[in-house]
Amino acid sequence: MTMTSFTPVASAIGGALIGVSAVMLMALTGRIAGVSGIAARLLPPYEDDQFAGRLAFVAGLVAAPVLTLAATGRLPAQTIEAGTVVLVVAGLLVGFGSVWGNGCTSGHGVCGLSRLSVRALVATVTFMATGFATVFIARHWS
Amino acid sequence: MAIVLQFVVGLVFGFGLLLSGMSDPAKVLNFLDLGGIASGNWDPSLAFVMAGAVAVTFVGFRFVLQRSRPLFAERFHLPTKRELDLRIVAGPAIFGVGWGLAGFCPGPALTALGFGSRAAFIFVAAMLTGMWLARFLSRLPSLSRVATQVDPLET
């Protein structure tokens, strides 16, 4: 376990940037900035003609740390403690669950809650609860 | 033009993830660790990410949706589904377990690719496989009878 420090200001400003991005996407394309929906639709079957735009959005996500490194000479902190097996299992669950439940932290947690969607509230409460439970079991169940 | 702007939108999202600390699985897991409150290891920062984001979208969406249409589309594509079915609980429940295991949700996982770590590529490959599987299963006729599903992806 790696200790991290409490960063309320940076986290709130970073969160606001995520919100700005979601509002921009709505203004430009009229769509919800749900990363799981955007990523899942990069794979077939293709139901509309939005592929290039979705790929551009994901390219922007990937480019953010690259440009940060180029501009400042360093990357933000990132510690991934999970081993290969846990990464594969977790990745499968995150991918499957977010699509099965029609959204993830961004689509339900940010966009859905701000639209006062009851489905998004149910989804957000549920994934927070199982997220809390999973970490509790992993770290304190012995 | 629309493509370039969508790249910028993704970039702003990515910078938000980096600045907020969401892109660091250790920080995410320390937020999800309520058992760490007693020992002082709990990091509540990510609640501020959610608050900052929702504050902006709550106001921003209302402002944008007053317009007759988006800049580069004929209409707004907003989720219309209202009913609460098993999937709106089962999907997020499964997602939350995976989130709690590795500390990655879809946005930060994709941004992590830009860090160039092997772990991020493994996670994203598995995540895309899971996404493909969920879309495949939700299209099977036997399952679409159980769940009233038109478009499996509302977001």
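The structure under discussion appears in the preceding block.
Just so it is clear, the structure is predicted and the values come from calculations on it, not from any experiment. (Residues numbered from 1 in each chain as written. Chains lettered and ligands numbered in written order. Predicted model: local features only at pLDDT ≥ 70, side-chain atom pairs only at ≥ 80, totals over all residues.)

### Some details on the nonpolar core
Link 1 in the chain: Counting residues in hydrophobic clusters, the biggest one holds 86 residues, and the most contacted among them are Val23 and Ala90 of chain A together with Ala109 and Phe123 of chain B.
Link 2 in the chain: Looking at this core, the element that brings in the most residues is helix H1 (residues 8-29) of chain A, giving twelve residues.
Link 3 in the chain: Those residues in contact with alanine 109 of chain B that lie beyond four places of it in its chain are Phe104, Ala120, Phe123, Val124 and Met127 of chain B. (Core = buried A, V, L, I, M, F, W, Y, C linked by C-beta atoms within 7 Å. Buried ≥ 20, exposed ≤ 12 C-beta atoms within 10 Å, placed from the backbone. Helix = DSSP H or I, 4+ residues; strand = E, 2+ residues; numbered from the N terminus. Contact = placed C-beta atoms within 7 Å.)

### Brief notes about the interface of chain B and chain A
Link 1 in the chain: With 106 residues of chain B at the interface, the matching set in chain A holds 106 residues.
Link 2 in the chain: The set of elements that each furnish at least two residues to the side of chain B that touches chain A consists of helix H1 (2-20), helix H2 (25-32), helix H3 (45-64), helix H4 (87-102), helix H5 (106-112) and helix H6 (118-138) of chain B.
Link 3 in the chain: Per-element tally for the side of chain B that touches chain A: the top contributor is H1 of chain B, with 18 residues.
Link 4 in the chain: Residues that form the side of chain B that touches chain A fall into these classes: 70 nonpolar, 26 polar and ten charged. (Nonpolar A, V, L, I, M, F, W, Y, C, P; charged D, E, K, R; others polar.)

### Details of helix H6 (residues 118-140) of chain A
Owing to its 3.6 residues per turn, the α-helix brings residues three or four apart onto one side.
Link 1 in the chain: An ideal rise of 1.5 Å per residue puts 33 Å on 23 residues; H6 of chain A measures up with 32 Å between its terminal C-alpha atoms.
Link 2 in the chain: What H6 of chain A keeps buried is the set Arg119, Ala120, Ala123, Thr124, Thr126, Phe127, Thr130, Gly131, Thr134 and Val135 of chain A.
Link 3 in the chain: Its buried side turned inward, H6 of chain A meets helix H5 (105-114) of chain A together with H2 and H4 of chain B. (Expected span 1.5 Å × (residues − 1).)

### Topic: the environment of asparagine 41 of chain B
Link 1 in the chain: By secondary structure assignment, the location of asparagine 41 of chain B is in the loop between H2 and H3.
Link 2 in the chain: The class of asparagine 41 of chain B is partly exposed, set by 15 C-beta atoms lying within 10 Å.
Link 3 in the chain: Taking the C-alpha atoms as reference points, asparagine 41 of chain B and leucine 128 of chain B, 87 residues apart in sequence, are found 32 Å from one another.
Link 4 in the chain: When near neighbours in sequence (up to four residues on either side) are disregarded, asparagine 41 of chain B contacts Met3 of chain A together with Asn30, Asp33 and Gly36 of chain B.

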